[in-house]
Amino acid sequence: MNKSVLISGAGVAGSTAAYWLARNGFRVTVVERAAGERSSGNPVDVRGPAVRIVEDMGVMPRLRAVATAANRLTFADTTGRRRASVGMGAFQSSAGDSEVEVARADLAATLLSAARDHAEIRWGDTITTLSPDAGGVDVTFDRGDQARFDLVIGADGLHSTVRRLAFGPEPEFVRPLGMSVATLRVDRPIGDEREVVMVNTPGRAFSVHPAGGKPLAAFMFRHTAEPAADHRDPDVQKRLVIEAYTGRLGTFERYLDQVRDADDLFFDSVSRVTLPHWSTGPVTLVGDAASSLSLFGDGSTLAIAGAHTLATELAATPADLATALHRYEQRHRALTTPKQRGYTAAATLLVPTNRPTIAIRNTLARFIPS
């Protein structure tokens, strides 16, 4: 077989796809815009179908070693008073106790470590042009060199370069939903090592996750108009967060100082990605580049599952890419579509729009079984 594959993005989806494609005999190159692995990103779950996949990759012991161990979500007010608490078990899926929660950076690093021995990794580079034809894709990189691949996979997230080059401008497929999220490492948690604490004011949520001794803060806030900011401009990102929360965090206002000083702030809009097809010729998408939307950490699970399905179908019919890509999309859309439909409920739970809704949420949370 020995077909060549270029994967854009060394995150969760890209690393998983690289591992399984290489295991199935493909020659894999991964190109990643960042110069190295990042440290920010909220904790995410490896649950449901992703559990068996990471077990088969042999990395589950490492993931359990860096697991967060958080077992409850507590809702507090701006004075720090606890109002309600929910056991994390309420959010488990069919895999139950086999599931694990880890920091996104730890998950991506672990998956990449499994793929690194089987694939070439090009750090600090990106794709600038794609020229597909019936036999493959000619690619030009930002560094100036060119190469040809049998298949190109865009695993490069919400703002996918591959999607833009092969499918069209981002606004045609990405719809912001009136909420932004920022995350960063902070110096200390609010609760103990097993407690995630969330503070809500109307249209805003602030939380600190203990994250296994490496606390992570998250700021989620609603807005009526999309912020006029380049998603890669850290100074503008910091200003948006500080303006949204100044005077509204009470005793937790001190965490805004860490936003000002952050050197690895993650910031983006919560958006829905919708495409009629995930593939065009020998170019396809996986993970958030194809279908993005989750506020409960399911995005990583879906990215792992989608990358594995893609690799499985390509390995089944390597000489017929069109059939493999069609089967991949049919199978994986069955998982992603219900998650996209669940956005409203998730947003209402995590970021209520007014004080009465916050009070109702807190009351109901006391009756959710753990």
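Residues numbered from 1 in each chain as written. Predicted model: local features only at pLDDT ≥ 70, side-chain atom pairs only at ≥ 80, totals over all residues. Heavy atoms only, no water.

The next thing to look at is the overall build of the chain. Of the regular secondary structure elements, the chain holds 11 helices and 18 strands. The C-alpha atoms of the chain give 20 Å as radius of gyration, which agrees with the globular expectation for 370 residues (21 Å, within 12%). With the C-alpha coordinates aligned to their principal axes, the bounding extent of the chain is approximately 60 × 40 × 35 Å. Burial statistics for the chain: of 370 residues in total, 55% are counted as buried. Contacts in the chain between residues at least 24 apart in sequence constitute 70% of all its contacts with a sequence separation of at least 6. Split by element, the accessible area of the chain, about 15700 Å² in all, is 50% carbon and sulfur. Across the chain, the centroid of the 42 positively charged side chains sits 6 Å from that of the 41 negatively charged ones. (Helix = DSSP H or I, 4+ residues; strand = E, 2+ residues; numbered from the N terminus. Rg over C-alpha atoms; globule rule 2.2 N^0.38 Å. Buried < 20%, exposed > 50% of the residue type's maximum accessible area, 1.4 Å probe, protein only. Contact = heavy atoms within 4.5 Å. Areas by Shrake-Rupley, 256 points an atom, 1.4 Å probe, with all protein chains shown as cover. Lys, Arg positive; Asp, Glu negative; His and termini not counted. Charge placed at Lys NZ, Arg CZ, Asp CG, Glu CD.)

Moving on, we come to the sheet that holds strand β9 (residues 136-141). Strand pairing in a sheet takes place through backbone hydrogen bonds and is either antiparallel or parallel in direction. An order of β8-β9-β10 is seen for the three strands of this open sheet, with the pairing classed as antiparallel. Edge positions in the open sheet fall to β8 (127-133) and β10 (146-149), since each of these has one partner strand only. Taking each pair of neighbouring strands and ignoring which way they run, the sheet shows an average axis angle of 20°. Direction of pairing for β8 relative to β9: antiparallel, over a ladder of six bridges. Of the residues in β9, the one forming a bridge with Pro132 is Val137. (Pairing = 2+ DSSP bridges. Axes fitted to C-alpha atoms, helices over the stretch in contact; angles between N-to-C directions.)

In this structure, Ile7 and Leu21 are the most contacted members of the largest nonpolar core, which totals 69 residues. A per-element tally of this core places helix α1 (residues 12-23) first, with eight residues. The contacts of Ile7, once residues within four sequence positions are left out, are Gly14, Ala17, Ala18, Leu21, Val28, Thr29, Val30, Val31, Ile153 and Ala155. (Core = buried A, V, L, I, M, F, W, Y, C linked by side-chain atoms within 4.5 Å.)

What follows concerns helix α10 (residues 343-350). Looking at α10, one finds that the buried residues are Tyr343, Ala346, Ala347 and Leu350. Projected down its long axis, α10 shows its buried positions confined to an angular sector of 95°, all on one face. Exposed side chains of α10 directed beyond 90 degrees from the buried face belong to Thr344 and Ala345. (Arc of directions from axis to C-beta.)

With that settled, consider the sheet that holds strand β16 (residues 266-273). Reading across from one edge, β5-β4-β13-β14-β15-β12-β16 is the order of the seven strands in this open sheet, with mixed pairing throughout. A strand with exactly one partner marks an edge of an open sheet, and here the two such strands are β5 (82-87) and β16. Averaged over all neighbouring strand pairs, the angle between strand axes comes to 20°, with direction disregarded. Here strand β4 (residues 72-76) pairs with β5 via five bridges, running antiparallel. Counterpart to Leu73 in the pairing with β5 is Val86. Of the strands in this sheet, β4, β5 and β13 (195-201) are in contact with helix α11 (residues 355-365), which crosses β5 at around 50°.

Further remarks concern the domain arrangement of the chain. Taken domain by domain, the chain comprises domain 1 (4-67 + 102-172 + 273-343) and domain 2 (176-271 + 350-366). Here the C-alpha centroids of domain 1 and domain 2 sit 28 Å apart. Between domain 1 and domain 2, the residue contacts involve 17 residues of the former and 21 residues of the latter. Summed over both partners, the interface of domain 1 with domain 2 buries about 1700 Å², with 56% contributed by carbon and sulfur atoms. Put simply, domain 1 and domain 2 have zero salt bridges between them. For the pair domain 1 and domain 2, the interface holds one residue pair in polar contact (both at pLDDT 80 or more). The residue makeup of the side of domain 1 that touches domain 2, split by class, is eight nonpolar, six polar and three charged. (Domains from an automatic or database assignment. Buried area = accessible area lost by both parts, 1.4 Å probe. Salt bridge = Lys/Arg side-chain N within 4 Å of Asp/Glu carboxyl O. Polar contact = N/O pair within 3.5 Å; in protein donor to acceptor, adjacent residues only side chain to side chain. Nonpolar A, V, L, I, M, F, W, Y, C, P; charged D, E, K, R; others polar.)

This part is about unusual backbone geometry. Glycine aside, the phi torsion of most residues is negative, and most peptide linkages are trans. The residue Ala69 is not glycine, and still its phi comes out positive at about 70°. Relative to the assigned elements, Ala69 resides in the loop between α3 (60-65) and β4. Using a relative accessible area of 38% as the deciding quantity, one classes Ala69 as partly exposed.

Each regular strand shows side chains that alternate between the opposite faces of the sheet. Of the two faces of strand β11 (residues 151-154), both are covered, the one formed by Leu151 and Ile153 as well as the one formed by Val152 and Gly154. Two strands pair when backbone bridges link them, and strand β1 (residues 4-8) and β11 are joined in this way by four bridges, in the parallel orientation. Its bridge partner lying in β11, Ser8 is registered against Gly154. In this sheet, strand β18 (residues 283-285) lies alongside β11 in parallel orientation, the contact comprising three bridges. Counted as the bridge partner of Val152 is Val283 from β18.

Right, let's talk about the pattern of salt bridges for a bit. Under the counting rule described, the total for this entry stands at 19 salt bridges. Glu195 is the salt-bridge partner of Arg72, the closest N and O atoms lying 4.0 Å from each other. You can see Arg72 sitting in strand β4 and its partner Glu195 sitting in strand β13, a full 123 residues away along the chain. Look at Glu195 and you get buried, because its relative accessible area is 6%. Ionic contacts of the salt-bridge type, sharing partners, join the residues Arg72, Arg82, Asp192 and Glu195 into one network.

If you trace the backbone, Ser160 turns up in the loop between β11 and α5 (161-166). Ignoring anything within four residues of it in the chain, the contact list for Ser160 reads Leu285 and Ala289. Of note is the side chain of Ser160, whose polar atom sits 2.9 Å from the backbone nitrogen of Arg163.

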